[in-house]
Amino acid sequence: MLYVVLLGVPGAGKGTQAKWLSAALALPHVSSGDLFREQMQNGTELGIEAQRYIDRGELVPDQVTIGMVRDRLERSDARAGAILDGFPRTIPQADAFEVIAREMGASVGPALHLRVPIERLVDRMAGRRVCQKSGHVYHLVYNPPKKPEICDVDGSDLFQREDDLPETVRKRVQVYESLTAPLVEFYRARGVLQVVDGDQPMAAVTAEILAILGQEAGR
Ligand code: ADP
Ligand code: AMP
């Protein structure tokens, strides 16, 4: 049972790569950000609470996030594992994830750190468009949809995330540096960290990841 963790600053390309990997490895893409956005769209209590933090570029409290991801990982489609995108994002989340994985009979890793220079991020996020239905990710310049503002896969409308405004992006990057960046050392210490150059065309990033996973699987 395989839990692949994608690490990287907001805009590094985690969601983009997770969609490809999910198809290639036949494992569900579990994005804590997508799960929160679904709750927000449905106007649930959890969604209303999460939105207060998300709109400010802050993290949703650990206990809320951990409970939501645990519920998702317990669903039957995640029996063989999952591609985790955006979770864990703090050391307490990573500790809780180890416990969840043990309970599920899984091990955590590889953890793939997508490295992208900070100066790329505002541009990546300003052009990001996301599909309403299943969170497919586009970019106006680097990965445009075939028809403007329509998802190629589901035909649903694309929207711009409220938290992709430049001021909120800057705040999210600061939050990443202080609370999430320590996870790189956390997973290095466990011997499961793999560094990936995220500053290359999307297909080249995918190829690098698949090569790493091939090696992992062959160990
Ligand atoms: P994350 O999930 O890490 O926040 P996304 O996958 O949503 O990042 O990517 C952020 C934006 O950058 C999206 O608009 C996406 O289309 C674009 N993007 C992703 N990977 C690349 C890449 N390798 N080169 C250029 N743009 C990219
Ligand atoms: P993302 O789609 O991964 O960029 O996440 C969007 C926002 O959702 C983040 O800026 C946080 O406010 C919140 N969020 C997503 N994942 C987590 C997490 N693991 N822990 C806390 N907050 C999260």
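Residues numbered from 1 in each chain as written. Chains lettered and ligands numbered in written order. Predicted model: local features only at pLDDT ≥ 70, side-chain atom pairs only at ≥ 80, totals over all residues. Heavy atoms only, no water.

(A) Broad picture of the pairing of strand 4 (residues 107-115). The buried count for strand 4 comes to 7 of 9 residues, which makes it a mostly enclosed element. Pairing of strand 1 (residues 2-7) with strand 4 involves 5 bridges; the strand directions are parallel. Paired with Leu6 across the strands is Leu112, a residue of strand 4. As judged from the 5 bridges shared by strand 4 and strand 8 (residues 193-197), these two strands associate in the parallel manner. In the sheet register, Leu114 faces strand 8, and the bridge partner there is Val196. (Buried < 20%, exposed > 50% of the residue type's maximum accessible area, 1.4 Å probe, protein only. Helix = DSSP H or I, 4+ residues; strand = E, 2+ residues; numbered from the N terminus. Pairing = 2+ DSSP bridges.)

(B) Main features of the site of ligand 1. The environment of ligand 1 is formed by 18 residues, the closest being Gly15, Thr16, Arg128, Tyr138 and Gln200. In the environment of ligand 1, an oxygen atom lies 2.8 Å from a nitrogen or oxygen atom belonging to the side chain of Lys14. Within the side chain of Arg128, an N or O atom sits 2.6 Å from an oxygen atom of ligand 1. Listed by contribution, the elements that provide at least two residues to the shell around ligand 1 are helix 1 (14-25) and strand 6 (137-139). (Near = heavy atom within 4 Å. Polar contact = N/O pair within 3.5 Å; in protein donor to acceptor, adjacent residues only side chain to side chain.)

(C) Highlighting the packing of helix 2 (residues 32-41) against helix 4 (residues 62-73). Look at helix 2 against helix 4: their axes get within 11 Å of each other, and the N-to-C directions meet at 95 degrees. Relative to helix 4, the element helix 2 lies roughly perpendicular. Packed against helix 2, whose contacting residues are Ser32, Leu35 and Phe36, the element helix 4 presents Thr65, Met68, Val69 and Arg72 at the interface. Of the residues belonging to the contact of helix 2 with helix 4, the class tally is 4 nonpolar, 2 polar and 1 charged. (Axes fitted to C-alpha atoms, helices over the stretch in contact; angles between N-to-C directions. Parallel < 35°, antiparallel > 145°, perpendicular 65-115°, else oblique. Contact = heavy atoms within 4.5 Å. Nonpolar A, V, L, I, M, F, W, Y, C, P; charged D, E, K, R; others polar.)

(D) Quick peek at the nonpolar core. Residues Tyr3, Leu7, Leu73, Leu84, Phe97, Tyr187 and Ile209 are the most contacted members of the largest nonpolar core, which totals 53 residues. Apart from residues no more than four positions distant in its own chain, Leu7 is found in contact with Lys14, Pro88, Ala111, Leu112, His113, Leu114, Leu183, Val184, Tyr187 and Leu193. (Core = buried A, V, L, I, M, F, W, Y, C linked by side-chain atoms within 4.5 Å.)

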